[in-house]
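# Structural overview for review
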Amino acid sequence: MVSYKELGLVNTREMFAKAIKGGYAIPAFNFNNMEQLQAIIKASAETKSPVILQVSKGARNYANQTLLRYMAQGAVEYAKELGWEHPQICLHLDHGDSFELCKSCVDFGFSSVMIDASSLPYEENIALTKKVVEYAHQFDVTVEAELGVLAGVEDEVSSAVSHYTKPEEVVDFATRTGCDSLAISIGTSHGAYKFTPEQCTRDPKTGRLVPPPLAFDVLDAVMEQLPGFPIVLHGSSSVPQEYVDMINQYGGKLPDAVGIPEEQLRKAAKSAVCKINIDSDSRLAFTAAVRKVLAEKPGEFDPRKYCGPARDLMEELYKHKIINVLGSDGKAE
Ligand SMILES: [Zn+2]
């Protein structure tokens, strides 16, 4: 058993309380390799933004859980070395799908876990979430739960259709499970293809897809039921057109990739939404930079020469999200 407190990590409780009061949101960036982690930490240290490092089950399988935990521990020290005196870094399990997985992460130094039982019937979701909460809270580890179903594909999580969260269920769910935050479904979606062309309209000038707006009425109703309770948005990448264009220009093929417009996320960040998950955007930035270098310099075979530019582009993306979308800069001196 390793406590996250020994690793210099923090749970989400104080982060979220401050974010709701301050009208901003904490970035939750997924990572599974060194370059991504370096970019996240550099961007957070430079902007003094609290940050949630997210590890999905797939990332855990890809990178090895022992290595990931030491990487997170190293990230705290790296942040200090970069001049961030009191780094506010949380290590969070994204989409935990069983009690055993959540327990293993708690025992292994994670400061926060998500139990996603949203695909189960309501009462079973409550029972499993409650079991995880009871275990995690003994070690002061915070728990995120989910009500409602997001569309899209993310590692092992996928659903063809979304079901909005029912506002009339949230009080009962939060009270009976004791969860610390709640991921809701209001039209965000996992992956780089958040909407089909049929769900969108097309901008007549650019020919690009314009996605349907998020269901802010559902968010408002949830907030009315649970005033001041931390709300989480998954699947909130914006799929920046510049990265999609770069990928397509240099031999890739991502036709009609579409995400959530940033102005909608800015609006959400000002509300009780205090954690916004961003994964696909950094995958796109990484891939765009690698494709560009390899296309322009076919003789290049030193991975540092293409992973380096990929890291730089991700760092730029993370800073942009922190400063211009979430507003979390300067919130953790
Ligand atoms: Zn998710």
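In this report, we go over the structure that sits alongside the text.

How each quantity is defined
Residue indices begin from 1 for each chain and proceed along its sequence in written order. Given that this is a predicted model, residues contribute local features only at a pLDDT of at least 70 and side-chain atom pairs are listed and counted only at 80 or more, while totals for whole chains, interfaces and linings are drawn from all residues. Only DSSP runs of H or I reaching four residues or more are called helices, and only runs of E reaching two or more are called strands; each is numbered from the N terminus. Neighbour density around each residue's C-beta defines its exposure: 20 or more other C-beta atoms within 10 Å make it buried, 12 or fewer make it exposed, and counts between make it partly exposed, where C-beta atoms are placed from the backbone. To count as a nonpolar core, a set of buried Ala, Val, Leu, Ile, Met, Phe, Trp, Tyr and Cys residues must be joined through C-beta atoms within 7 Å. Throughout, a residue-residue contact means that the two C-beta atoms, derived from backbone geometry, are no farther apart than 7 Å. A pair of strands is labelled paired if DSSP reports no fewer than 2 bridges between them. Comment: axis = line fitted to C-alpha atoms, over the contacting stretch for helices; angle = value between 0 and 180 degrees taken between N-to-C directions. An angle below 35 degrees is read as roughly parallel, one above 145 as roughly antiparallel, one from 65 to 115 as roughly perpendicular, and any other as oblique. Left-handed describes a crossing in which the near helix is turned anticlockwise from the far one by less than a right angle; the clockwise case is right-handed. Any residue outside Ala, Val, Leu, Ile, Met, Phe, Trp, Tyr, Cys, Pro, Asp, Glu, Lys and Arg is labelled polar, Gly included; the first ten of those are nonpolar and the last four are charged.

## Describing unusual backbone geometry
The backbone of Asn64 sits at a positive phi, close to 85 degrees, despite the residue not being glycine. Position of Asn64 relative to the elements: it lies in the loop between helix H3 (57–63) and helix H4 (65–81). Using a count of 12 C-beta atoms within 10 Å as the deciding quantity, one classes Asn64 as exposed. One non-glycine residue, His95, lies in positive phi territory at about 55 degrees. Examined against the element boundaries, His95 turns out to sit in strand S3 (residues 89–96).

## Comments concerning the nonpolar core
If you look at the biggest cluster of nonpolar residues, it comprises 97 residues, and the most contacted ones within it are Ile40, Leu53, Val113 and Leu182. For this core, the element with the most residues is helix H12 (residues 303–326), which contributes 8 residues. When sequence neighbours within four positions are dropped, the list of residues in contact with Leu182 reads Ala145, Leu147, Val170, Ala174, Phe229, Ile231 and Val232.

## Examining the sheet that holds strand S1 (residues 26–30)
If you trace the 8 strands once around the closed barrel, you get S1-S2-S3-S4-S5-S8-S12-S13, paired in parallel fashion. Direction aside, neighbouring strands of the sheet carry axes that sit 25 degrees apart on average. Across 3 bridges, the pairing between S3 and strand S4 (residues 112–115) is parallel. Bridge pairing in S4 links Leu93 to Val113.

## Section: the packing of helix H5 (residues 99–107) against helix H6 (residues 122–137)
When two helices pack together, their arrangement is given by the angle between the helix axes and by the axis-to-axis distance. Where H5 contacts H6, the axes come no closer than 10 Å and their chain directions differ by 15 degrees. By the criterion of interaxial angle, the relationship of H5 to H6 is roughly parallel. The handedness of the crossing between H5 and H6 is right-handed. On the side of H5, the interface is formed by Phe99, Cys102, Lys103 and Val106, while H6 contributes Leu128, Lys131, Val132, Tyr135 and Ala136. In terms of residue class, the contact of H5 with H6 is built from 7 nonpolar, no polar and 2 charged.

## A look at the environment of Arg304
Counting through the fold element by element, Arg304 comes out in helix H12. For the pair Arg304 and Glu35, spaced 269 residues apart in the sequence, the C-alpha separation amounts to 9.8 Å.

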